Amino acid sequence: MSWIGKSPNRKEDVRLIRGQGYFVDDKQDYGLLHLHLVRSPYAHAHIINVDVAAAEALPGVICTLTGAEVKELMPESFMELGPEPAANIQDYPMAVGKVIFQGEPVAAVVAETPALAADGGALVDVDYDMLDAVITAEQAMEDEEVLHESAGTNKTWQGVYEYGEVDAAFDEAATVVKIDRMHFHRFASTPVENNAVVAEWKRHGELDFFCNNSFVGFAQQLLAPALGVSVDQMHIKTHDIGGSFGNKISNYTQMAIAALASRKAGGRPVKWAETRTEHLLSSGHGNERTFLDTEVALDKNGVITAVRSRHIDDCGAYPRYEPLGCVIWSQVLPATYGVRNFRIDFSQAVTNKCPAVPNRGYSRMQHLWFMERIIDICAHKLDIPADEMRLRNYITEFPYTTPNGCVYDSGNYPAMLEKAKELIGWDDWKKKQADARAEGRLLGIGIGTTLDSGTNNFGQARIMNPHLPFSGNSEVATIRIDLQGSVIVTLGSGPSGQSHETTTAQVVAEELGINPDLVRVRSGFDTGWNTFVGHSGSYASQFAVTGLSAVHGACEKLKAEMRRLAAFILEASEEDLEFGIGEEGPQLSVKGTDQAVNYWYMGNLVNNDNAVLAGELGDVTLNIRHVYRPPFTVPDVERKYGNLTLTYAAQLHIAVIEIDRDFGHPRILAYAAVDDCGTVINPKIVGGQVHGATAHGIGAAIMETFQYDETGNLLTSSFSDYCPITSMNMPDVQYGSIQTPSPFSYSGAKGMGEGGGAPLHTVSAAVQDALITEGIIVTDSHHSVTSVFELLRSKDESSGVQVDKR
Amino acid sequence: MSEDIDKVSIQITINGQHYKRDVEPRLLLVQFIREELGLTGTHIGCDVTYCGACTLLVDGKPVKSCTMLAVQADGCEIHTVEGLEQDGELHPLQKAFSENHGLQCGYCTPGMLMSSMALLAENPDPSPDEIRKGISGNLCRCTGYNNIIKSIQAAAKEMAG
Amino acid sequence: MAIQFDGEFKVARSRADTFEFLADTQKFAPCLPTFQSLGMEDDGTATVKIKIGIGKVRGIATINLALEESESPTRAQYSGKGKVMGSAFNLISGFNLEEIDGGTLVKWSGELKMFGKLVALAGGLIKPIARKDIKRLIDALQIALDPKQAEQASG
C-alpha cells in the first residue's frame, strides 16, 4: 500500500486534541522567574534616564535590566544582514539611548511571579525627550530626521532590477498604462500563540533555550556572537509552536533579553511570555510597500510587453532580517505572466514603526499583488475581460526561465482558471452581475493568480549584500532503528502546525513498506539531536521538498545498511530481500521464503549484541543523518540573475463580492480556490494549508491593518482594534486542485503553505470589478468597510491612472 | 503592590476534582488553572477577550477565563479540555476535529472544543450558520474555520447517534 | 495622536490681574481637571498629579508642568509632559490677553499629543474625552478668574 497521496489522521492530533500539547508558556520549572518588559510609549525619543530603583526595591523582584546594561553585557550588537551603511545600525534587543518605535523595550524586570514582574515594571521611571516621528518610507528617504545615527541615513537598500529591452518595448507599445501610485498595507498573520521563551544561562556556561522560534538555524547564528557564546554552548529546543507564519523568525531578540536576565539572576531560568498587545506593537509586521510611477507597455492584443516602476519598502525601525525582502520578491518577478522586459527600482527605508518580519507570502505576495493589479487595471482600461486578459498573458511553457534567471518548474494556469470558474459557477455569476448592475447594485467578480515559490536559494542574499556568506539551502533528517527496533526520526524543521510529523511518517512508511503508526517522529526541534544546519527551520514553503527529501535520503541510506545487515543475518543476497511487515513486526524477508529478520533483532544486534557480527559490518550503525541540498548555484550578483527558488506552487482564486453602496461593506458572496503544488503527499494537509492561507489573505484584505497615527501611535494594537478574521467573516471556500508534478523534487511535490497572498489579489480584483461602474480604480490592498466607504465617497477619479494609446 | 494584598480562599471543582487554594484577588481564572494547578491545556492568546483560546466551561457555560477572576469562580464547577476524554474514550468532538483536520498548530483547539461543547449542549443539531455564530468568539489562525465547522457538524451527527 | 484646541472667553478683571493668575503655576495647576496634588520644583515648574481614566481603566498621571513663556501682561504659555500607565502625553497651552471694555479677553490655544497604550485602549473615544477635559480646564479657569460672570454665562 502506498502512503503518498493519502490522508491518515495526524500524529500531532493525538496530544493536541487532549490539551496535552507542550507550548513554551506551559513550561514550569523549579526556581522559574518571570520577565516583564517596560516599553516606550513614544515612537521616537531620546532616553534621558531610566530609574529602576523603586522596581528593584519591590519584594519579589530579583533584578532589572536597562538598555544601557544590555549593551554592556552584549559583546556586539545583532548582525544586520544589509550592506553598509545599513550594516552599521546598532541593533540591541532593548533601546539604547534612543527609542525607534512605539513598544520598543527600554527596561526589563525579573521577579518571582508574572504579576510581581509587571508590578515592578510599573515602578520603572523613564524620562524621554520626544523626537518627531517618521511614519512613511517616502518621508524617511528624505533623511530629514535620521533614525539611526550610526548608519547616517534611513535608506537601508537600493537597487535596480533591469532585464530585457525595456525602453524599446515602450517605444513599440500599442498602449501604455500609467499608474501613479499603489500601496500594499501593513498587517501580520499574528499566530494565536504569542512569542515566548524560557532561558537558562547555567552557571557552568551552557545556555538553554526552550522557545518558539521558527527558524532556529538562523537565530542561533545571530544569538551566539551577540551573547558571546559559541553556537554549541547554546541548547535550543522547541516543542509545539502555536503558529508562526514567519512572524516567529525574529523573536531571537527577546530570547537574548531572557538569556541576559537569567545570567543576571544567577542562572535561574527566566520565562518571558508576551502579551497580545506587546505582540501586535512590537514583534513584527509584514512589509508595507508603495509602488510609484508604474508604467505598463502593451501590444495591440493586450499582451504586456514591459513594466517599469519604482518600489519602496517600509521595514520599520530595524531592518534585521529584512533587507532580504528587497530581493525575495524577485523570485516571482513576472508573476504568472510572460513579460520579458522589466525595470524595477527598489528601495527600502527605516521608519518609526514596528520592525518588519517575514510574514506568510513574504515579499513575493506584495509583488504578486502589484502584478495582479496591473493585469486588472489594464484589462479594465482596455476593455478586455479579466479572465481573457490573464489567458493572453499567462506563461504556458514549462520549465520556464524568467527574465532574471528563475526557473518555473511546472504549472498549468489556464487549467486552474478553468477549474476555479467551474467551482464558483462563473457563467451564472456573470449573469447575476449583469442583473445587479442593471439594478444599480455593486457586484464584482475578481480573479487572483499567485505563486508560492518554495525552497529558496540563500544565494539571493548576496544580491542584497555581496559579502554575506550564505547560499543554497539544506535541511537535515535523522533516522535510526533503536535498540528496541523502533523507527525514530528527527527533523530540523521545528514546525508550527504544518503536520511535519505526519507527512514524515508517511514518507518513511512508504520507503520501508510499513505504516505511519510504526514511525516515531519526535516533536519539535532540538540542537541536542544534531539534526540541524544553518538553514534549518520552517519557512519559505519548502518542507515538502527540503524536509521530506532529507527524510527520503535518510531512508535510502538506512535501507542500504539494513539490507547489508539482513543479508548477513539471513545469509541471503541483498537483491533477494524485501521490506515489509511480518508476524513479528516490521522486517526484511527473503522473497518467496518464510525467512525474515525483524527490526528488533537488527536494532538489538547493532546496539547490544554486536559480537554476533564477529567484526563484520563495523560501519553499520542503523543511525543515519542525512542532509538534503537542492541543486543551486550562486546567482550573478551584478546582473541580479540566477535561480532563486526550486519549486513554484500556484494558486488561483475567484471571489464574488457585493459592496453596500451606502456603507461600503464588502460582502463575499462566493469564493473558490484552486491549488497546484505538484504531487500531493497528504491531500487533507494541503487543503488545510490552502484554507488557512486563504483566511489570512481575506482577513488582511477586508479587516486587518496596522494603522499608525502621525506621531507613531499604533492605533490597532489589541485584537479588539486589529480584528483578526473570525468564523463570521470567513466564507465557505470551494476548493479544488490540479497536480503538475515538479521535475526538480524527488517526489514531484512542490513546497506550499504560504499561499502567495492570493486572496489579497482576488479581493482587490473583485472590489475593483464592483466599483468600476463608478469609475473607481483600486490602488490599495486594504478593503475594510471604512476604506471602501472612503473610496465610494471620494469617487476617486484622481486615482492616477492614465492610458496612452499610440 | 503585592505585599499588601490579602489572599482569598477559594474552592473550585475542575473536571470533577476538588481544589482549595488561597489566591490573590487579582489572579485571573486562566492563570489559576494554568499556573496554580498546572492544567496547561487551556491557553492564553490575547488580553482583550477576543481570541477565546482560554475558553472553558463554568457551570456549563462557556467563559473566556482571561476575563474572569479566580475568586469569581469560587464554588463553581469547571470543565476544561483535559476533562473531555472519559475512561480512555475520546469525546466525539475530539475525534471529529482530528478526522476533519479541524486543527493544525492546536493552540486554539482547547478553547474551540469547549465552545463547541457549549454550542452542542444548547443546540444538538446546529446549522453551519449557527456553528459560525457559536465559535465566533474563538480565533483560529491556521485552519480558515471551514474544517472546524465540518468537524462540529460531524460530531453533532455522531452524538445524535 | 494630536488634538488642537482654541477658544476665547471674557473676564471682568484687568489684564494685569488676569495675567498674574494665569502665569502663576500654583494658581493655574489646580484648575486642571481631576486635580489631585501639586508640588513646586521652582517658581515656574510644578509636578502635578491628576486622575485620569477611561471607563474602568484608571490611574494617576504625573505631569511636569512648566511656565514656558511669560510676557507680562499679554501672554503666558505652559508646557506639560505627563506619564500614566505606560503611556505619555505632551501638552502645550497658551493664553493671549487683550484689553476690552470692562475686562480682559482671554484667547487660548494649545495642543495635546498622546502616546502609548492609553491611545490604543481608548480607540475612538480618546478625542471626545480629551476635548471634554480641555473644556473642564477652561471652565475652571474662567470660574477661578471670574466666579460671577462664569455663573451668568453658564446660567
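Owing to the predicted nature of the structure, the values given are computational and were not obtained by experimental measurement.

(A) Spotlight on the overall build of chain C. When you go through chain C residue by residue, the secondary structure sums to five helices and seven strands. Taken from N to C terminus, the helices and strands of chain C fall in the order β-α-α-β-β-β-β-β-β-α-α-α. Here chain C has a C-alpha radius of gyration of 16 Å; the compact-globule value for 155 residues is 15 Å, and the two agree. Within chain C, counting contacts between residues at least 6 apart in sequence, those at least 24 apart form 51% of the total. As presented, chain C carries roughly 7800 Å² of accessible surface, and 50% of it is formed by carbon and sulfur atoms.

(B) Quick peek at the layout of surface pockets. All names here are of chain A. Here the second largest pocket is characterised by a volume of approximately 1000 Å³. Lining of the second largest pocket is provided by 40 residues; of these, His183, Thr705, Gln707, Asp780 and His782 occupy positions nearest its centre. Looking at which element gives the most residues to the lining of the second largest pocket, the answer is helix α22 (residues 785-794), with five residues. Classifying every residue of the lining of the second largest pocket gives 13 nonpolar, 16 polar and eleven charged.

(C) Main features of the interface of chain A and chain C. With 17 residues of chain A in contact, the opposing surface of chain C contributes 14 residues. Both faces considered, chain A and chain C share a buried interface measuring about 1200 Å² in area, 51% of it formed by carbon and sulfur atoms. Seen at the junction of chain A and chain C, the total is two salt bridges. Aspartate 125 of chain A is the salt-bridge partner of lysine 83 of chain C, the closest N and O atoms lying 2.6 Å from each other. Top contributing element to the side of chain A that touches chain C by residue count: strand β6 (residues 125-130) of chain A, with six residues. Here the residues of the side of chain A that touches chain C are counted per class, giving seven nonpolar, four polar and six charged.

(D) Local environment of the interface of chain A and chain B. Opposite the 58 residues of chain A that make contact, chain B presents 47 residues. Together, the buried faces of chain A and chain B total about 4400 Å²; carbon and sulfur atoms form 54% of this surface. The largest share of the area that chain A buries against chain B comes from Ile17, Val192 and Ser727 of chain A, three residues that together contribute 17% of it. For the pair chain A and chain B, the number of links is six salt bridges. Between glutamate 704 of chain A and arginine 141 of chain B there is a salt bridge; the shortest N-O distance is 2.8 Å. At the boundary of chain A with chain B, the tally comes to 28 residue pairs in polar contact (both at pLDDT 80 or more). Counting only elements with at least two residues in the side of chain A that touches chain B, the list comes to α1 (13-16), α4 (114-122), α9 (276-282), α19 (683-702) and α20 (719-722) of chain A. Looking at which element gives the most residues to the side of chain A that touches chain B, the answer is α19 of chain A, with eight residues. Residue composition of the side of chain A that touches chain B, by class: 24 nonpolar, 22 polar and twelve charged.

(E) Structural view of the environment of aspartate 208 of chain A. Residue and element names in this part refer to chain A. Tracing the backbone through its elements, the reader meets aspartate 208 in strand β10 (residues 207-211). In this structure the C-alpha to C-alpha distance between aspartate 208 and lysine 11, which are 197 residues apart in sequence, comes to 27 Å. Those residues in contact with aspartate 208 that sit more than four places away from it in its chain are Val198, Ala199, Glu200, Lys202 and His235. In this structure the side chain of aspartate 208 is engaged in a polar contact, spanning 2.8 Å, whose partner is the side chain of lysine 202.

(F) Structural detail: empty space enclosed by the protein. Residue and element names in this part refer to chain C. The final tally for this structure, using the stated rule, is eight cavities of 30 Å³ or more. Taken as a whole, the second largest cavity spans an internal volume of roughly 340 Å³. Together, 20 residues line the second largest cavity, and Ile50, Ile52, Phe89, Leu112 and Asp133 are the ones closest to its centre. Elements with a minimum of two residues in the lining of the second largest cavity: β3 (45-54), β6 (87-100), β7 (103-115) and α4 (126-145). No other element matches α4, which puts six residues into the lining of the second largest cavity. When the residues that make up the lining of the second largest cavity are grouped by side-chain class, the tally is 16 nonpolar, two polar and two charged.

(G) Representation of unusual backbone geometry in the model. Across the junction of glutamate 84 of chain A and proline 85 of chain A, the peptide omega takes the value 0 degrees, indicating a cis bond. In this model, serine 72 of chain C is joined to proline 73 of chain C through a cis peptide bond whose omega is -5 degrees. Checked against the element boundaries, proline 73 of chain C lands in the loop between β4 (57-71) and β5 (75-84). If you check the backbone angles, alanine 335 of chain A has positive phi at about 55 degrees while not being a glycine. Positive phi is not limited to glycine here, since alanine 540 of chain A has a value of about 55 degrees.

(H) The domain arrangement of chain A, seen in detail. All names here are of chain A. Segmenting chain A into domains produces domain 1 (26-133 + 194-281), domain 2 (156-188 + 284-459 + 635-805) and domain 3 (475-628). Relative placement of domain 1 and domain 3: their C-alpha centres are 40 Å apart. Taken residue by residue, the interface counts 17 residues in domain 1 and 19 residues in domain 3. Approximately 1200 Å² of surface area, both sides summed, lies buried where domain 1 meets domain 3, with 50% of it carried by carbon and sulfur atoms. Our count for the domain 1 to domain 3 interface comes out at zero salt bridges. Where domain 1 packs against domain 3, one counts six residue pairs in polar contact (both at pLDDT 80 or more). If you list the elements that add at least two residues to the side of domain 1 that touches domain 3, you get α7 (216-227) and β11 (234-238).

(I) Examining helix α17 (residues 543-570) of chain A more closely. Its axis deflected by about 25 degrees at serine 549 of chain A, α17 of chain A carries its strongest bend there. In terms of burial, α17 of chain A is largely enclosed, as 21 of its 28 residues are buried.

(J) How the structure looks around the environment of serine 115 of chain B. Residues and elements named next belong to chain B. Within the secondary structure layout, serine 115 lies in helix α3 (residues 109-122). Counting along the chain gives 21 residues from serine 115 to serine 136, while the straight-line C-alpha distance between them is 9.4 Å. Setting aside its immediate chain neighbours within four residues, serine 115 contacts Thr55, Gly134 and Asn138.

(K) Here's a closer look at the packing of aromatic side chains. Residue and element names in this part refer to chain A. Across all of its chains, the model carries 32 aromatic pairs over all chains by this definition. Here tyrosine 22 and phenylalanine 210 contribute two aromatic rings whose centre-to-centre distance is 4.9 Å and whose plane-to-plane angle is 25 degrees, an arrangement assigned as stacked. Placement of tyrosine 22 in the loop between α1 and β1 (33-39) and of phenylalanine 210 in strand β10 is noted, with a sequence separation of 188 residues between them. A ring pair is formed by phenylalanine 215 and tyrosine 321, whose centres lie 6.4 Å apart and whose planes are at 70 degrees; its orientation type is edge-to-face. Taken together, the residues span a long stretch of sequence, with phenylalanine 215 in the loop between β10 and α7 and tyrosine 321 in the loop between β14 (304-314) and α10 (325-328) at a distance of 106 residues. Exposure class is identical for phenylalanine 215 and tyrosine 321. Each is buried. In this structure, arginine 308 packs its charged tip against the face of phenylalanine 170, placed 3.7 Å from the ring centre. The ring of tryptophan 426 carries the charged tip of lysine 421 above its face, separated from the ring centre by 4.9 Å.

(L) A look at the pairing of strand β24 (residues 585-590) of chain A. All names here are of chain A. In terms of burial, β24 is largely enclosed, as six of its six residues are buried. Pairing of strand β23 (residues 577-582) with β24 involves six bridges; the strand directions are antiparallel. For phenylalanine 579, the partnering residue across the bridge sits in β24 and is leucine 588. Between the end of β23 and the start of β24, which pair antiparallel, lie two residues.

(M) Representation of the pairing of β10 of chain A in the model. All names here are of chain A. Taken across its five residues, β10 has five buried, putting it largely inside the fold. Here β10 shows no split at all, with Leu207, Phe209 and Cys211 on one side and Asp208 and Phe210 on the other all buried. The pairing of strand β9 (residues 196-201) with β10 spans five bridges and is classified as antiparallel. When the bridges of β10 are listed, tryptophan 201 appears paired with leucine 207. Counted along the chain from β9 to the antiparallel partner β10, the turn is five residues long, and its residue glycine 205 has a positive phi close to 105 degrees. Inspection of the sheet shows β10 paired to β11 by four bridges, in the parallel sense. Each bridged residue has a counterpart across the sheet, and for aspartate 208 the counterpart in β11 is histidine 235. Traced from β10 through α7 to β11, the parallel crossover comes out right-handed.

(N) Expanded view of the pattern of salt bridges. Residues and elements named next belong to chain A. The final tally for this structure, using the stated rule, is 58 salt bridges over all chains. The shortest N-O distance in the salt bridge between arginine 343 and aspartate 167 comes to 3.0 Å. Of the two residues, arginine 343 sits in strand β15 (residues 341-349) while aspartate 167 sits in helix α6 (residues 166-172), which places them 176 residues apart along the sequence. Residue aspartate 167 is classed as partly exposed on the basis of its relative accessible area, which comes to 38%. Here the salt bridges share partners, and the residues they tie into one network are Glu162, Asp167, Lys178, Glu295, Arg308 and Arg343.

What counts, and where the lines are drawn
- Residues numbered from 1 in each chain as written.
- Chains lettered and ligands numbered in written order.
- Predicted model: local features only at pLDDT ≥ 70, side-chain atom pairs only at ≥ 80, totals over all residues.
- Heavy atoms only, no water.
- Helix = DSSP H or I, 4+ residues; strand = E, 2+ residues; numbered from the N terminus.
- Rg over C-alpha atoms; globule rule 2.2 N^0.38 Å.
- Contact = heavy atoms within 4.5 Å.
- Areas by Shrake-Rupley, 256 points an atom, 1.4 Å probe, with all protein chains shown as cover.
- 1 Å grid on protein atoms, 1.4 Å probe; cavity = no way out; pocket = protein on both sides within 12 Å on 5 of 7 lines; lining within 4 Å.
- Points joined across faces, edges and corners; volume = space filled by probe spheres on them.
- Nonpolar A, V, L, I, M, F, W, Y, C, P; charged D, E, K, R; others polar.
- Buried area = accessible area lost by both parts, 1.4 Å probe.
- Salt bridge = Lys/Arg side-chain N within 4 Å of Asp/Glu carboxyl O.
- Polar contact = N/O pair within 3.5 Å; in protein donor to acceptor, adjacent residues only side chain to side chain.
- Domains from an automatic or database assignment.
- Bend = angle between axes of the 7 residues up to and from the residue.
- Buried < 20%, exposed > 50% of the residue type's maximum accessible area, 1.4 Å probe, protein only.
- Phe/Tyr/Trp six-rings, centres within 6.5 Å; stacked < 30°, edge-to-face > 60°.
- Lys NZ or Arg CZ within 6 Å of the ring centre and 35° of its normal.
- Pairing = 2+ DSSP bridges.
- Right-handed = clockwise from strand over helix to strand, strands pointing away.

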